[in-house]
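Architecture at a glance
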Amino acid sequence: MDGHPNIFAAPTSAGTWTAFAEQSEAPDDREERILDQATGRIVQAIRSAQDRTPSDFDMQSALDMAKEEGLGDLEPDPAVLALASPDASDEEVATMARAMSLYKTAVKMGLAEGGELHQTIEASFSSLPAETPFMQDLLETAKRIVMIDLDQAMRQG
């Protein structure tokens, strides 16, 4: 945000957004609107990347196939459950959490390398248009947020 003052005006209570983030003061109405704008743009970038993610992998079908092959009904991965958005559907979250358990099992068994999800996310963000410095920074920030969440989810619990 500090790198794009023409889009995100400086906060009222601090000279920079970095300084603002380091303080404990609550945002005023103007700051809150700017933060909402920034958050909205990041969410929009993440959704755009999700829309570009190849959809040829059906998590539920993979889980069903794993069950048929004798892996049983996998427990939902606790890291994914902890990261889930409160407004996400319980069924969708449970499917994603069980799919992460399947993926971690595949990595442990040597059936997956462990970098496939990172590569997919990287490709999804790389396919988005980033013709301006602002869009490049926005996409890089959104990708970094998603990668932090993925790294958190990939931790063995």
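Criteria and thresholds
- Residues numbered from 1 in each chain as written.
- Predicted model: local features only at pLDDT ≥ 70, side-chain atom pairs only at ≥ 80, totals over all residues.
- Heavy atoms only, no water.
- Helix = DSSP H or I, 4+ residues; strand = E, 2+ residues; numbered from the N terminus.
- Contact = heavy atoms within 4.5 Å.
- Axes fitted to C-alpha atoms, helices over the stretch in contact; angles between N-to-C directions.
- Parallel < 35°, antiparallel > 145°, perpendicular 65-115°, else oblique.
- Nonpolar A, V, L, I, M, F, W, Y, C, P; charged D, E, K, R; others polar.
- Salt bridge = Lys/Arg side-chain N within 4 Å of Asp/Glu carboxyl O.
- Buried < 20%, exposed > 50% of the residue type's maximum accessible area, 1.4 Å probe, protein only.
- pLDDT = per-residue confidence, 0-100.
- Expected span 1.5 Å × (residues − 1).
- Polar contact = N/O pair within 3.5 Å; in protein donor to acceptor, adjacent residues only side chain to side chain.
- Phe/Tyr/Trp six-rings, centres within 6.5 Å; stacked < 30°, edge-to-face > 60°.

1. Quick word on the side chain of T95
Along the polypeptide, T95 turns up in helix α5 (residues 90-108). Setting aside chain neighbours within four positions, we find T95 in contact with M59, Q60 and L63.

2. Quick word on the packing of α5 against helix α7 (residues 133-154)
Packing of α5 against α7 leaves a shortest axis separation of 11 Å and a crossing angle of 70 degrees. Considering their axes alone, α5 and α7 lie roughly perpendicular with respect to each other. Along its contact with α5, which presents M100, Y103 and K104, the element α7 presents L150, A153 and M154. Considering only residue class, the contact of α5 with α7 consists of five nonpolar, no polar and one charged.

3. A closer look at the pattern of salt bridges
As enumerated under the stated definition, the model contains three salt bridges in all. Put simply, D77 and K104 hold a salt bridge, and the shortest N to O gap is 2.8 Å. With D77 in the loop between α3 (59-71) and α4 (78-83) and K104 in helix α5, the pair connects residues that are 27 residues apart, well separated along the chain. By the burial criterion, D77 is buried, and K104 matches it. Members of the salt-bridge network, linked through shared partners, are E122, E140 and K143.

4. As for the confidence of the model for the protein
Detailed reading of the predicted model is not advised wherever pLDDT is low. Per-residue confidence for the protein gives a mean pLDDT of 89; residues scoring 70 or more make up 96%. Per-element mean pLDDT across the protein ranges from 80 in α3 up to 94 in helix α1 (residues 17-22).

5. Considerations on the packing of helix α2 (residues 29-52) against α7
Two elements in contact, α2 and α7, have axes separated by 9 Å at closest approach and are oriented at 75 degrees. Judged by the angle between their axes, α2 and α7 are roughly perpendicular. Contact with α2, carried on its side by R41, I42, A45 and I46, involves F134, L138, L139, T141, A142, I145 and V146 of α7 and no other residues of that element. Broken down by class, the residue content of the contact of α2 with α7 amounts to nine nonpolar, one polar and one charged.

6. Some thoughts on α2
For α2, which comprises 24 residues, the first-to-last C-alpha distance of 35 Å matches the rise-based estimate of 34 Å (1.5 Å per residue) to within 8%. For α2, the set of buried residues is E31, I34, A38, I42, A45, I46 and A49. Those residues of α2 hidden inside the fold are in contact with α1, α6 (116-126) and α7. In this structure D28 caps α2, since a side-chain oxygen of it lies 3.1 Å from the backbone nitrogen of R30.

7. Observations concerning the environment of R155
Structurally, R155 can be placed in the segment after α7. Judged by its relative accessible area of 53%, R155 is exposed. Distance in space between the C-alpha atoms of R155 and A79 is 7.4 Å, their sequence separation being 76 residues.

8. What about the packing of aromatic side chains?
Per the counting criterion, the structure on display carries two aromatic pairs. Between F8 and F134 the ring centres are 5.8 Å apart and the planes differ by 50 degrees, which places this aromatic pair in the tilted class. Here F8 is found in the segment before α1, whereas its partner F134 is found in helix α7, with 126 residues between them in sequence. A single burial state applies to F8 and to F134, both of which are buried.

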